[in-house]
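So you can see what is in the structure, the chains are spelled out below.
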Amino acid sequence: MTGPPAHSDQPEQLPVEAVLHEAGFPVDLLTEEQREVLSELTPQELTLLLDVKNRLDAVGPEVQAHGEIAGGALF
């Protein structure tokens, strides 16, 4: 008797490197050693890293604009 393929109740998880790449981290510029460190992140560490990046990105343009204005005014 055949039936539908068995599947897990949990969704398939992407490798940490793929998650970071999708989030905008330049993982292709990292060394193999740096990628290995990232691949060993716990789910909690990955969540924290993504949260910090999101918060930095949220204020990034404002901070960059101030830096460009201030830099132009000072020089």
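Residues numbered from 1 in each chain as written. Predicted model: local features only at pLDDT ≥ 70, side-chain atom pairs only at ≥ 80, totals over all residues. Heavy atoms only, no water.

> Explain the pattern of salt bridges to me, please; I cannot follow it from the model alone.
Going through the model one piece at a time under the given rule, you end up with three salt bridges. A salt bridge links aspartate 51 to arginine 55, with the nearest nitrogen and oxygen atoms 3.0 Å apart. Remark: arginine 55 and aspartate 51 occur in helix H3 (residues 43-74); sequence separation between them is four residues, near one turn of the helix. Its relative accessible area of 35% is what places aspartate 51 among the partly exposed residues. In this structure, aspartate 57 and lysine 53 form a salt bridge, with 2.4 Å as the shortest nitrogen-oxygen distance. You can see aspartate 57 and its partner lysine 53 sitting in helix H3, four residues apart, about one turn around the helix. (Salt bridge = Lys/Arg side-chain N within 4 Å of Asp/Glu carboxyl O. Helix = DSSP H or I, 4+ residues; strand = E, 2+ residues; numbered from the N terminus. Buried < 20%, exposed > 50% of the residue type's maximum accessible area, 1.4 Å probe, protein only.)

> Just to check I follow, could you spell out the nonpolar core for this structure?
Generally speaking, a soluble globular protein has its nonpolar side chains buried in company with each other. Val16, Leu20, Val27, Leu38 and Leu46 together form the largest nonpolar core, which totals five residues. The contact partners of leucine 20, leaving out residues within four places of it in the chain, are Phe25, Val27, Leu38, Leu46, Leu49 and Leu50. (Core = buried A, V, L, I, M, F, W, Y, C linked by side-chain atoms within 4.5 Å. Contact = heavy atoms within 4.5 Å.)

> Honestly, a negative patch on the surface in this entry has me stumped. Any pointers?
Side chains of Glu32, Glu33, Glu36 and Glu40 sit close together on the surface and give a patch of like negative charge. With respect to the helices, strands and loops of the structure, glutamate 36 is situated in helix H2 (residues 32-39). For glutamate 36, a relative accessible area of 45% corresponds to the partly exposed category. (Patch = residues over 30% accessible without salt bridge, like charges linked within 9 Å, V, L, I, M, F, W, Y side chains within 5 Å. Areas by Shrake-Rupley, 256 points an atom, 1.4 Å probe, with all protein chains shown as cover. Lys, Arg positive; Asp, Glu negative; His and termini not counted. Charge placed at Lys NZ, Arg CZ, Asp CG, Glu CD.)

> Looking at this model, I keep getting lost on the environment of aspartate 28. Mind explaining?
Within the element layout of this structure, aspartate 28 appears in the loop between helix H1 (16-22) and H2. Between the C-alpha atom of aspartate 28 and that of glutamate 17, which follows or precedes it by 11 residues, the distance is 9.2 Å.

> In this structure, what is going on with the confidence of the model for the protein? I would like to understand it.
When pLDDT drops low, the exact placement of atoms in the prediction is not to be read closely. Mean pLDDT over the protein stands at 78; residues scoring 70 or higher make up 65%. Mean pLDDT values over the elements of the protein span from 77, in H3, up to 95, in H2. Every residue in residues 7-11 is under pLDDT 50, and counting partners more than four places away or in other chains gives zero contacts. (pLDDT = per-residue confidence, 0-100.)

> What should I look at first to understand a nonpolar patch on the surface in this one?
A contiguous nonpolar patch, built from Leu48, Val52 and Leu56 and spanning about 270 Å² of accessible area, is present on the exposed surface. Residue position: leucine 48 is located in helix H3.

> Help me understand the side chain of lysine 53 in this model?
Lysine 53 sits in the buried class, given a relative accessible area of 15%. Only 2.4 Å separates the side chain of lysine 53 from the side chain of aspartate 57, close enough to count as a polar contact. (Polar contact = N/O pair within 3.5 Å; in protein donor to acceptor, adjacent residues only side chain to side chain.)

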